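# Inside the fold
Here's the letter readout for the chains.
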Amino acid sequence: MKLVRILLNRINGLYFPREYLCLANETFEQPLLVYLTDNNKILKDITQTHVFAGYHPLIFILQSATGRAMEFQDNIDVILSPVAMQPNVSLGEKDATASLRLKLFRKHTEGDRTLFFYEGIYGQHHFLSPFHQYIIDLNNQLFNKKTGNIFLPGNLYRQVQIAYSIPRIISLVTTGHAKLYNLFPSDLHGPIGDQYYIVSLRQGGKASQQVESSGKIVISTLHTDAFKKAYSLGKNHMQELKPEENFPFAKTTSAIFHLPLPNHALNYRELDLIASFDYGIHKLFLFKIVSMKVMLEEKSTLVHIHNTYATWRYNKGLPGNYLLR
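Overview of the structure. As the structure is a prediction and not an experimental result, all values here were calculated from the model.

The subject of this paragraph is the overall build of the protein chain. Regarding its fold elements, the protein chain presents six helices and 20 strands. Relative to its length of 325 residues, the protein chain is compact, with a C-alpha radius of gyration of 20 Å against a globular reference of 20 Å. Across the protein chain, contacts joining residues at least 24 apart in sequence account for 73% of those joining residues at least 6 apart. Within the structure as shown, the protein chain displays about 15,500 Å² of accessible surface, and the carbon and sulfur contribution to it stands at 51%. Side chains of the protein chain carry 34 positive and 26 negative charges; the gap between the two charge centres is 7 Å.

Looking along the chain, the bond that leaves His56 and enters Pro57 is cis, with omega of 5°. Position of Pro57 relative to the elements: it lies in the loop between strand S4 (51-55) and strand S5 (58-65). Within the chain, Asn39 stands out as a residue other than glycine whose phi angle is a positive 50°. Tracing the chain through its elements places Asn39 in the loop between strand S2 (33-38) and strand S3 (41-45).

To continue, consider a nonpolar patch on the surface. Side chains of Met1, Val4 and Leu142 sit close together on the surface and give an oily, nonpolar patch of about 280 Å² of accessible area. Along the chain, Met1 falls in the segment before helix H1 (2-10). Its relative accessible area of 62% is what places Met1 among the exposed residues.

As a further point, take the sheet that holds S3. Backbone hydrogen bonds hold the strands of a sheet together, and the pairing may be parallel or antiparallel. Spatially, seven strands are ordered S3-S2-S6-S7-S8-S5-S4 in an open sheet, and the strand pairing comes out antiparallel. Sheet topology places S3 and S4 at the edges, where each strand pairs with a single neighbour. Strand after strand, the sheet turns through a mean of 35° between neighbouring axes, direction not considered. Sitting on the sheet, helix H3 (residues 155-163) touches S4, S5, strand S6 (75-81), strand S7 (98-110) and strand S8 (113-125), and the angle it makes with S8 is about 115°.

On to helix H6 (residues 307-316), then. With seven of ten residues buried, H6 lies mostly within the body of the structure. Within the sequence span of H6, burial applies to Asn307, Thr308, Tyr309, Ala310, Thr311, Trp312 and Arg313. Lining the buried residues of H6 we find strand S1 (20-24), helix H2 (130-143), H3 and strand S20 (302-306). Gly317 occupies a position one or two residues after H6 and carries a positive phi of about 80°.

Moving on to the sheet that holds strand S18 (residues 265-279). The sheet built from eight strands is open, its strands ordered S12-S13-S19-S18-S14-S10-S11-S15 with antiparallel pairing. The sheet is open, and its two edges are formed by strand S12 (189-192) and strand S15 (242-243), each paired on a single side. Alignment of strand S11 (residues 180-186) against S15, held across two bridges, turns out to be antiparallel. For Leu180, the partnering residue across the bridge sits in S15 and is Pro243. Helix H4 (residues 206-214) rests against strand S10 (171-177), S11, strand S13 (196-202), strand S14 (216-222), S18 and strand S19 (282-294) of the sheet, and its axis sits at about 60° to S19.

Calculation notes
Residues numbered from 1 in each chain as written. Predicted model: local features only at pLDDT ≥ 70, side-chain atom pairs only at ≥ 80, totals over all residues. Heavy atoms only, no water. Helix = DSSP H or I, 4+ residues; strand = E, 2+ residues; numbered from the N terminus. Rg over C-alpha atoms; globule rule 2.2 N^0.38 Å. Contact = heavy atoms within 4.5 Å. Areas by Shrake-Rupley, 256 points an atom, 1.4 Å probe, with all protein chains shown as cover. Lys, Arg positive; Asp, Glu negative; His and termini not counted. Charge placed at Lys NZ, Arg CZ, Asp CG, Glu CD. Patch = residues over 30% accessible without salt bridge, like charges linked within 9 Å, V, L, I, M, F, W, Y side chains within 5 Å. Salt bridge = Lys/Arg side-chain N within 4 Å of Asp/Glu carboxyl O. Buried < 20%, exposed > 50% of the residue type's maximum accessible area, 1.4 Å probe, protein only. Pairing = 2+ DSSP bridges. Axes fitted to C-alpha atoms, helices over the stretch in contact; angles between N-to-C directions.

Geometric descriptors of this kind do not, in isolation, establish any biological role.
This is the structure we're talking about:
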């Protein structure tokens, strides 16, 4: 089977050796845009306003001002395109590089925001040829069902590839109390307007339990210099709270909670827990934003994208600023 895996990896069409590639968000040229569509027409650009909050199942969160007449439908279609388009424009045959079909599974109103939680139903993309997509799917089916790995069956793996074609911010979360802390990375998070914030963690993980117990966290956006360290801290999702010296903290604490901040933090938000619920393998946390502060003015925000999209960019001759681990 080892020889089979080697062969599949050689003919999968992927250009880069890693599944995810880190980069600086501000210098990433010509990214895809995300549009909500209806009957093959553009409704609105949701590139900056959606939150990607889950991969098993795929979870997108959309928002609207509470009381507005327009609400999102129970089933929606989202496309990703390199083309800038205005509302009510009809889609051309080649405008959509990728698309997702999603269904509503929950609504929640908090303050002046109504949140719409959607689960992925089906996704398709043109990042690779149908043959190469088949080879990648076969490799996933044969070799990714193993202990400790979250297996993404069938079309779900395709949906995740699409979700990660938008650069996702890798932040570090600080939690803890009584001089015992944890520090772990997250890329399933995002703001809801100016007052609220969503963070999604693995249900049943130590980190999730610690956040639930504490109710207060600091989430820090990182400089790209921290890209290797951020990945290495992934194991902390399943670690107990420890003294401060066990982590790469700077000699700085947050303004109100006085939680230690990581090295290379560009900015941070202090978040106070409002509510949480489980869905799929995830526990989704809704927080109130208590404070925000910029630590470094330099704009080099750490994000990552999936190899399938990075390969599509390479094949199109689009520039890449990738940091290879």
